[in-house]
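# Analysis of the macromolecular model
Each chain, written out:
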Amino acid sequence: PAGKPTLYGSLTRRGLSTEGVPDIAASEGFVVGEVTKKSILISCPHENVSTKFLAPYTAFCRIHQKSVTCLDISSGGGLGVSTSTDGTMKIWQAANGEIRVRASSFDVARCLCHVLPVCLPRCLSEHGLCFHAGILDTAIVDRGRNVLSCSRDGTARLWDCGKSACLGVIADCDSPVNGIAVGTADNSLNLGTPEKAPSEREVGTEGKILLLAREDKKLEGVGLWSRQPVFLFTGSDAFNCCTFLSSTYILAGTQDGNIYQLDLRNTNSPIQVIHRSGAPVLSLLPYRDGFIASQGDGTCFIVQQDLDYVLDLTEADCDPVYKVASWEKQVYTCCRDGIVRRYQLSDL
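Within an unreviewed UniProt entry, the label attached to the chain reads PAAF1 factor, and the organism entered is Podilymbus podiceps. Regarding the chain, the relevant UniProt record gives this comment under Sequence similarities (unreviewed entry): "Belongs to the WD repeat PAAF1/RPN14 family."

Structure below.
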C-alpha cells in the first residue's frame, strides 16, 4: 500500500542443475522458495510477504517491427489482435503468433477482439468526423451492438456498430479522457433517468455505469442510460486507466503510479491505494479474485486478494508495458520493445 516502506534485496545465481534449474541465493532477510525453469519464489518472513517472478512461456518477436501499443485476445482464446507504431494492425494465432490478417492502422490507440473487425473501424472513422482530437480508448456494451469511445477533446460517445452512427454524447468534460470502462452497477446506486427516450438502436445500457479516467486528476462515473453524473473522485495525478472488479468495486491508475480501489457506494475516500513505483499505471485488468497491472517502467504484476503475495511478470526490463489481456490461465502483454509475451499461470 502507499506509504509502506519498500523492501530491497538481491538475488545471485550460483549455477544450474543438470535439469537446467538455476541455483539461487537471496540477500539477508529474504528466503528463496520454489525455483523452476520459469519461476522463482522469494519471501520476506519478517514482513510476511512473498513474490513469485514468472518468465514468459513464449515471446512473439515477429508480429510487429516496432512498439506494440495495444492487444486483445478473443473470447475463445484462439486469436489475438494488436496494433503497433509500425503502422499496422494484425490478427494472429494466440498459440504461436502466426499472422492471420494484416491491415494498415495508422495511429490506432486501442484494438478489441470482441467486436467484428469491420464494425469498430467504421464507427471510429466516423468518430474522427465528430472529434477534433485523437481517440484514446474504447469499451464494449454487452455483446457489441453498441461500443463506447473517448477522446482527447473530453467527450465519451456511444456508437451503433450496425449503422456506424453516433447514438449520443455520454459525457463532455473539460479535460481529455484517457481511459473508459463500462460495467453493471450495484442495485443500490442511483444512476438517474434519461431526459429523453433513448434510440431503439441503443441496447444494454440500462443499469450500466461508465467510468471516465480523466487527465485533470478526476475519475468520473456516469449513468450510461441516463447520461447523468454519479460520482466524481479526485486523485493524485492524471488518471490513465480504470476497470471494474465487481458491480461494487473499481480500480483506477494514475500517472504517478497510484492504483486506487474505490467502493462505488461511497467514493469519498479510497478503500486502499497501491503504489509499487512512481511509473505511470498504463493498464488494469481484473483477474480471478484480483487484478493485473502494468506500468511505464516495465513492471507488470498480479495481485490476488491482498498484497501479501504478488506475481511479477518479468522480461520487459525498463520498457513500458502498454496493455495486458488474458484468457483462462494465460496472460499476454505488449511492450515498447515490440515483443508480445505469453505467460502461463497454471501454477498460480
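## Let's talk about the overall build of the chain
The helix and strand tally for the chain stands at one helix and 29 strands. The C-alpha radius of gyration of the chain comes to 21 Å, within 12% of the 20 Å expected for a compact globule of 348 residues. A principal-axis box enclosing the C-alpha atoms of the chain has dimensions of 70 × 45 × 30 Å. Counting the 348 residues in the chain, one finds 48% classified as buried. Contacts spanning at least 24 positions in sequence make up 44% of the contacts within the chain whose residues lie at least 6 apart. Between the centroid of the 33 positive side chains of the chain and the centroid of its 38 negative side chains there is a distance of 6 Å.

## Here we look at the sheet that holds strand S20 (residues 249–254)
In spatial order, the strands read S19-S20-S21-S22; together these four strands make up an open sheet with antiparallel pairing. Every other strand in the sheet has two partners, leaving strand S19 (239–244) and strand S22 (272–275) as the edge strands with one partner each. Across this sheet, the average inter-strand angle for adjacent strands is 20°, counted without regard to direction. Where strand S21 (residues 258–263) meets S22, four bridges bridge the pair, whose relative direction is antiparallel. Looking at S22, one finds that Ile 259 is bridged to Ile 274.

## Quick look at the UniProt feature "repeat: WD" (unreviewed entry) in the chain
According to UniProt, the positions carrying the feature "repeat: WD" (unreviewed entry) are residues 61–102. With 0% helix and 52% strand, residues 61–102 has end C-alpha atoms that lie 16 Å from one another.

## Things to note about a nonpolar patch on the surface
There is a patch of nonpolar side chains on the surface, built from Leu 245, Tyr 249 and Ile 271 and spanning about 230 Å² of accessible area. Within the secondary structure, Tyr 249 sits in strand S20. Residue Tyr 249 is classed as partly exposed on the basis of its relative accessible area, which comes to 31%.

## Here we look at the packing of aromatic side chains
Two measures describe an aromatic ring pair: the distance that separates the ring centres and the angle between the ring planes. Evaluated as defined, the whole model comprises five aromatic pairs. Ring centres 5.8 Å apart and planes at 55° place the aromatic pair Phe 239 and Tyr 260 in the tilted group. Of this pair, Phe 239 sits in strand S19 while Tyr 260 sits in strand S21; the two residues are 21 residues apart in sequence, bridging distant segments of the chain. Neither residue differs from the other here; Phe 239 and Tyr 260 are each classed as buried. One aromatic cluster is present, built from ring pairs that chain together Phe 60, Trp 92 and Tyr 332. Over the ring of Phe 301 we find Arg 276, and its NZ or CZ is 4.5 Å from the ring centre.

## Considering the sheet that holds strand S12 (residues 146–151)
If you trace the four strands from one edge of the open sheet to the other, you get S11-S12-S13-S14, paired in antiparallel fashion. Of all the strands in the sheet, just strand S11 (135–141) and strand S14 (165–172) have a single pairing partner and so form its edges. Averaged over all adjacent pairs, the angle separating strand axes in this sheet is 25°, with direction ignored. Relative to S14, strand S13 (residues 155–160) runs antiparallel, the two sharing six bridges. In the strand pairing of S14, Ala 156 is matched with Ala 171.

What counts and how
- Residues numbered from 1 in each chain as written.
- Predicted model: local features only at pLDDT ≥ 70, side-chain atom pairs only at ≥ 80, totals over all residues.
- Heavy atoms only, no water.
- UniProt positions renumbered as here; feature names shortened; annotations may be inferred.
- Helix = DSSP H or I, 4+ residues; strand = E, 2+ residues; numbered from the N terminus.
- Rg over C-alpha atoms; globule rule 2.2 N^0.38 Å.
- Buried < 20%, exposed > 50% of the residue type's maximum accessible area, 1.4 Å probe, protein only.
- Contact = heavy atoms within 4.5 Å.
- Lys, Arg positive; Asp, Glu negative; His and termini not counted.
- Charge placed at Lys NZ, Arg CZ, Asp CG, Glu CD.
- Pairing = 2+ DSSP bridges.
- Axes fitted to C-alpha atoms, helices over the stretch in contact; angles between N-to-C directions.
- Patch = residues over 30% accessible without salt bridge, like charges linked within 9 Å, V, L, I, M, F, W, Y side chains within 5 Å.
- Areas by Shrake-Rupley, 256 points an atom, 1.4 Å probe, with all protein chains shown as cover.
- Salt bridge = Lys/Arg side-chain N within 4 Å of Asp/Glu carboxyl O.
- Phe/Tyr/Trp six-rings, centres within 6.5 Å; stacked < 30°, edge-to-face > 60°.
- Lys NZ or Arg CZ within 6 Å of the ring centre and 35° of its normal.

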